[in-house]
Amino acid sequence: MEVEISRRKFLQGTVAMTVLGGTLATTSVFASEEKENQKNTPGIPKTVTTKTSTKKAKEVPFLCGMCVNKCAGVARVEDGIITKLNPNPYFPKSRNMLCPRGNAGIQTTYDPDRLKYPLIRIGKRGEGKFKRVSWEEAYDAILNGTKDFKGIVQILDEEKDNRSTIGYCNGEGLSKEGFEDLMGKKIGTPNYVDEVSICLETAGGGFFATLGVYPEIDFEHADYMIILGANRAEAIITPDTMDMFKHTKGRGLKTVCIDPRFTNTAAKADKWLPVNPGTDLAYILAMTYVIFSENLQNEEFMKKHGVGYEEYKQHILSKKYTPEWAEKITGIKAKDIYEMAHEFADAEHPIIYPGRRSIFSPNDYQLRRAMGILQALSGNLDKKGGYIYGNPIQLPAEYVNSPIYAQAKERFDTEGIAFPTIKSGSWIVFRNMILEGKNPYPVRAMFIRKHNPMMGVPNSAKTRKLLEKMDLNVVIDILPSDTAMFADVILPEASYLERTSPVKAYGFLEPSIVQRKAAIKPLYETKTPEVIYKELAEKLSKPLFEISKKYDKDLQEEIAKRGEEKVYKEDGYDLADAWDKSVEEKNKELVEKVYGKEAWEILDKNGVYYPHMEEYHKQLSPNDYQYYPKSKRFYSTKGDSLRVICKYDRLATKGIDAMPTWHDEWKFSVPKGKFRLITGRHAQFTQSGTTNNAMLRDLIPTNYLWINKRVAKEKGIKFGDMVEVKSEVGTVHLKAYPTEKIAPNQIFMLHGFGSESKGLELAYGNGANDAAVIKDDIEPVYGAAVMHSTNVEVRRV
Amino acid sequence: MARYGMALDYKNCINCKACEVACKEENGVLLGADKHRIWVGVKEIEGEWPLLDIASSTFMPSQCQHCEDAPCEEVCPTHATYYDENGVVRVDSNKCILCSYCMNACPYDARYVDDRTMTVDKCTFCSDTRLARGETTTACQNTCPTKVRTFGDLDDPNSEISVLLRTRDHFSLKSHLGTNPKLFYLT
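This structure is a prediction, so every number in the text was calculated from the model and none was measured.

Details of the overall build of chain A
Secondary structure summary: chain A contains 28 helices and 31 strands in total. For chain A, the C-alpha radius of gyration of 27 Å lies close to 28 Å, the compact-globule estimate for 797 residues. Referenced to the eigenvectors of the C-alpha coordinate spread, the extents of chain A come out at roughly 70 × 70 × 60 Å. Taking all 797 residues of chain A together, the buried fraction comes to 64%. At a minimum sequence separation of 6, the contacts of chain A that also span at least 24 residues come to 73%.

Listed below in structure tokens is the structure:
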């Protein structure tokens, strides 16, 4: 006989074990009885894991949405239930694999804590009290408000049609552009912030400014790699992770890992060298110094492609960035730097791994520039075994008919920033300027989609204040995040397995086009993002046009000349016209137009298309596929147009060094008795979005505080002891993990834990939220968040 | 009829645990840290910061070794544990009386109790799921990001696993016990 263990019962078991002293008071909409009933809902599996059957099943190609990589998979659907996610062998980028998160995506779709129907706030902001409503009621509340909050019509009327009074944000994902179209192009506000300024902005920007590319790496032919400030074994990036570790450990790719912590990447390296946090730039400058002082560079290559090359050489040599100098700053021994510089120069295909992560130090932009130049000194660019520029396969951008609002103002989040990003600004500066009253006009509403700034943007206390300050917060998401608790209106979105998404093109070495198809229909009352955009646009369109008519003189003149109906239609004021066609129709039309009917059929069937796919794609072994034969891969595409910008004069016009230069204010120091907090990722979790996933929680029950074993002993801290971590901006509690994998003056915690939303049964109160203790420091180029500048106190509690 | 085994290119393993999740989702395995069919063995690194011994930190993917002379099969009083036609060590849950002799006898600690059936469970090489549908890979092999595993028929000289074992050095776990495991770790 088989005893059925329900999802609910399982969850109760694990929560009881790991949530310390947390009482799981839930509100009416997140009530536990309601979750118990869920197991009788058609289309929802009765148990947490479902054994696949031998029946014939539907196989649907999808693109994973568990992190930003968008790997390709095939969903096995039995009787309308997804029972398994398998890798899709056609997509070059994801190399026929799904990581633990990719495999656990089922648990996100069937998470009993999902936002299931639209909600309207009835309690205080942040209290988490909501009322279930219909979609029509929810849209109406956004438009006209309720007795508890103002609607968009009133706000815009009071602000005389200044569309910029509405702020919005969105995390990375396939339907992000549509939200940008709705809020930015159609409703017409420039005040947009996203994940870029709390993520890798300086890495992308620095490499782009220097080499014209944020490159892919050809690990298959590379023979030496220095990987610093990147943890590819745990922060999985495709295809880097899969390609890299097939060649490490004496199998062709000699690897030096430079990281303050001993990570899983360090475990796969030949050598690990701990570096003082934030001093990687000094190390790279010293590497560059050795190359120049011993004349080991590819002089011919640099003479041909370098811009400001001679000046850079003189700069490095005259500043005397010697390994002995760098040793004092970085903690890396001079002899190790000499050895690495010689190994780098001697290798045929050496790689300074460009990395991809959030910004750790204020000099990150210059670090990326210096890394790019050092790589170029080897000449190993745009060729086999080197940095790959590749072929950017193209899909034309969709045209959106955007109205021009005379009353809308420019964005203002520029304080302390040399080169403000017009599109997505700076999260921290945007938030802090509003809190400090430095905004030239009021920002009164936030539209938040697939983004959890309460846990992603450093200094959560300030984010809370921002959200509390708004007249209207609208959240579109799949789970009741910490941020959703501050919403006035919540619109529940379909998870990635329940929706077909806009097609996406990937370039580089083996370019392709991919499409995510819905494996199942949206569960409960959720809707796909594009349907939400369309319906919201339809609801807002006419009333918002009326406000523009009232305040916008340009519009009044146009109407006088051409008539209201014509202007409304022709000038883009019909907000919903961007969604006249469904995603499915748009995808088909776009791909057929560019690549033909046959291409569309291949894409729709396999989830992947690239020119000559049927000829090129071959299974080589049970594990390996050929996507493109080597002779057809895009190893070298730049030729003479390749440029290496060693000296970038435009930077100097805004007070930024034109050439990477070390400043002693960046030296690493921690007052006695304190610790530097460092943060990072793990293969089993992607930020706060996955901490309520039952399967992933099973692998890592919580985030622990890494603290040096000997220091922990002195402080009487043992494994599992609860400790308090206190910075100048906040205090958190989590369990200790004493280990020798970290320096005595540093501590580490995984990002994404410590949710305070009671709607998330597994994530609530579990571990610590690093954003609550990390200071809101910015770097000077883009105003992007710096994550590793916070000193903290640690004590057992 | 086949003689199934698995070769593990264990140096590729990054301890991401994709295999463990794929196994649980494919085979409907219970959650819970001690309820798993496969796992990655990790040893805490030796040495003191900053002088750590990289070689002491290895990731060792493991599971039932599908021994040809399986101690678990020998000790089972009800013949619940048996070799199926492909040499896969299986458990017939209808015959299992949960005496747990097999759990004690297994030198690889590869067995656990399934709380739903109250019988002993373990890796089946996906025999009743993927292989039963005619697929040729196990869930763990198929999903692995760095392609650690190769599953196949040891009796077929042309199978990928046979070629790997002919051309590369390999070892078995606790080979001195004479259990003749069919998991092979490639060096």
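Thoughts on the overall build of chain B
For chain B, the count of helices and strands is five helices and 12 strands. Here chain B has a C-alpha radius of gyration of 17 Å; the compact-globule value for 187 residues is 16 Å, and the two agree. Seen along its three principal axes, the alpha-carbon backbone of chain B occupies a region of about 55 × 40 × 35 Å. When burial is assessed residue by residue, chain B has 61% of its 187 residues classed as buried. Put simply, of all contacts in chain B between residues at least 6 apart along the chain, 57% involve residues at least 24 apart. Between the averaged position of the 20 positive side-chain charges in chain B and that of its 27 negative side-chain charges there is a distance of 2 Å.

Some words on the packing of aromatic side chains
Residue and element names in this part refer to chain A. In this structure the tally under the stated criterion is 37 aromatic pairs over all chains. Between Tyr-365 and Tyr-782, the aromatic rings sit 5.8 Å apart at their centres with planes inclined by 80 degrees, giving edge-to-face as the arrangement. Placement of Tyr-365 in helix α16 (residues 364–377) and of Tyr-782 in the loop between β29 (777–778) and β30 (785–786) is noted, with a sequence separation of 417 residues between them. Taken individually, Tyr-365 and Tyr-782 each receive the classification buried, so the pair is uniform in this respect. Here Phe-412 and Phe-430 contribute two aromatic rings whose centre-to-centre distance is 5.9 Å and whose plane-to-plane angle is 25 degrees, an arrangement assigned as stacked. Placement of the pair is Phe-412 in the loop between β14 (387–388) and α17 (427–435) and Phe-430 in helix α17, with a sequence separation of 18 residues. What makes Phe-412 buried here is its relative accessible area of 6%. The aromatic ring of Phe-748 is capped on one face by Arg-261, whose charged end is 3.5 Å from the ring centroid.

A look at the environment of His733(A)
Residue and element names in this part refer to chain A. Summarising the element assignment, His-733 is placed in strand β27 (residues 731–739). For the pair His-733 and Tyr-704, spaced 29 residues apart in the sequence, the C-alpha separation amounts to 9.8 Å. Dropping the residues within four chain positions of it, His-733 is found in contact with Met-722, Val-723, Glu-724, Gly-767, Ala-768 and Val-797.

Brief notes about the domain arrangement of chain A
Residues and elements named next belong to chain A. For chain A, the assigned domains read domain 1 (7–109), domain 2 (201–391 + 639–652) and domain 3 (670–796). A C-alpha centroid distance of 28 Å is found between domain 2 and domain 3. Residue-level contacts link 18 residues of domain 2 with 21 residues of domain 3. With both chains or domains summed, domain 2 and domain 3 bury close to 1,800 Å², and 63% of this area falls on carbon and sulfur atoms. Across the domain 2-domain 3 interface, the total number found is zero salt bridges. Scanning the region where domain 2 abuts domain 3 turns up four residue pairs in polar contact (both at pLDDT 80 or more). Examining the composition of the side of domain 2 that touches domain 3, we find that three residues originate from one element, helix α8 (residues 201–211), more than from any other.

Points about α8(A)
Residue and element names in this part refer to chain A. Here α8 lies mainly inside the structure; 10 of its 11 residues are buried. Every buried residue of α8 is accounted for by Glu-201, Thr-202, Ala-203, Gly-204, Gly-205, Gly-206, Phe-207, Ala-209, Thr-210 and Leu-211. Against the buried residues of α8 lie α16, β14 and β23 (644–645). The first or second residue beyond α8 is Gly-212, which carries a positive phi of 80 degrees.

Let's talk about helix α19 (residues 460–469) of chain A
Residue and element names in this part refer to chain A. Every buried residue of α19 is accounted for by Ser-460, Thr-463, Leu-466 and Leu-467. Seen from one end, α19 has its buried residues packed into an arc of 115 degrees, which puts them on one side. For α19, the secondary structure elements touched by its buried residues are α17, β15 (445–449), α18 (453–456) and β16 (472–477).

Let's talk about the packing of α17(A) against α19(A)
Residue and element names in this part refer to chain A. Relative to each other, α17 and α19 sit at 60 degrees, their axes nearing to 10 Å. The orientation of α17 relative to α19 falls into the category oblique. For the crossing formed where α17 meets α19, the hand is left-handed. Contacts from Trp-427, Arg-431, Asn-432, Ile-434 and Leu-435 in α17 reach Lys-462, Thr-463, Lys-465, Leu-466 and Lys-469 in α19. Tallied by class, the residues present in the contact of α17 with α19 amount to four nonpolar, two polar and four charged.

What to know about unusual backbone geometry
The omega torsion of the bond from Thr238(A) to Pro239(A) falls at 0 degrees, within 30 degrees of zero and hence cis. Looking at the element boundaries, Pro239(A) is found in the loop between β9 (224–228) and α9 (240–244). Following Trp49(B), the chain continues to Pro50(B) via a peptide bond in cis, the omega torsion being 0 degrees. Its place among the elements puts Pro50(B) in the loop between β3 (46–48) and β4 (51–53). Its identity is not glycine, yet Asp161(A) carries a phi of approximately 65 degrees, on the positive side.

Structural notes on the sheet that holds strand β18 (residues 504–506) of chain A
Strand pairing in a sheet is mediated by backbone hydrogen bonds. Such pairs are either parallel or antiparallel. Residue and element names in this part refer to chain A. Strand order across the open sheet formed by three strands is β18-β19-β20, with antiparallel pairing between neighbours. Here the strands that pair on one side only, and so sit at the sheet edges, are β18 and β20 (608–609). Across two bridges, strand β19 (residues 512–514) lies against β20 in antiparallel orientation. Bridging across to β20, Ile-513 finds its partner in Tyr-609.

Thoughts on the state of the cysteines
The full count for this structure, using the stated rule, is zero disulfides over all chains. Cys199(A) carries a free sulfur, and the closest cysteine sulfur to it, the one in Cys67(A), is 11 Å from it. The exposure class assigned to Cys199(A) is partly exposed, which follows from its relative accessible area of 25%. There is no disulfide at Cys257(A), and the cysteine sulfur nearest it, in Cys13(B), is 17 Å away.

So, the nonpolar core
Residue and element names in this part refer to chain A. By size, the foremost hydrophobic cluster in this structure holds 159 residues, and its most contacted members are Ile-82, Ile-226, Ile-258, Tyr-283 and Met-340. The biggest single contributor to this core is helix α11 (residues 280–293), with 11 residues. What Met-340 contacts, discounting residues up to four positions off in sequence, is Tyr-224, Ile-226, Val-256, Ile-258, Leu-273, Tyr-283, Met-287 and Ile-332. Residues Ile-428, Met-470, Ile-490 and Val-711 belong to the second largest nonpolar core, which totals 53 residues.

Some remarks on the pairing of strand β25 (residues 704–708) of chain A
Residues and elements named next belong to chain A. Most of β25 is tucked away, with four of its five residues classed as buried. Of the pairings in the sheet, the one linking β25 to β27 comprises five bridges and is parallel in character. Within the sheet, the bridge partner assigned to Tyr-704 lies in β27 and is Lys-735. Of the pairings in the sheet, the one linking β25 to strand β28 (residues 746–750) comprises two bridges and is antiparallel in character. Bridge pairing in β28 links Trp-706 to Phe-748.

The rules behind these values
Residues numbered from 1 in each chain as written. Chains lettered and ligands numbered in written order. Predicted model: local features only at pLDDT ≥ 70, side-chain atom pairs only at ≥ 80, totals over all residues. Heavy atoms only, no water. Helix = DSSP H or I, 4+ residues; strand = E, 2+ residues; numbered from the N terminus. Rg over C-alpha atoms; globule rule 2.2 N^0.38 Å. Buried < 20%, exposed > 50% of the residue type's maximum accessible area, 1.4 Å probe, protein only. Contact = heavy atoms within 4.5 Å. Lys, Arg positive; Asp, Glu negative; His and termini not counted. Charge placed at Lys NZ, Arg CZ, Asp CG, Glu CD. Phe/Tyr/Trp six-rings, centres within 6.5 Å; stacked < 30°, edge-to-face > 60°. Lys NZ or Arg CZ within 6 Å of the ring centre and 35° of its normal. Domains from an automatic or database assignment. Buried area = accessible area lost by both parts, 1.4 Å probe. Salt bridge = Lys/Arg side-chain N within 4 Å of Asp/Glu carboxyl O. Polar contact = N/O pair within 3.5 Å; in protein donor to acceptor, adjacent residues only side chain to side chain. Arc of directions from axis to C-beta. Axes fitted to C-alpha atoms, helices over the stretch in contact; angles between N-to-C directions. Parallel < 35°, antiparallel > 145°, perpendicular 65-115°, else oblique. Left-handed = near helix turned anticlockwise from the far one by under 90°. Nonpolar A, V, L, I, M, F, W, Y, C, P; charged D, E, K, R; others polar. Pairing = 2+ DSSP bridges. Disulfide = S-S within 2.5 Å. Core = buried A, V, L, I, M, F, W, Y, C linked by side-chain atoms within 4.5 Å.

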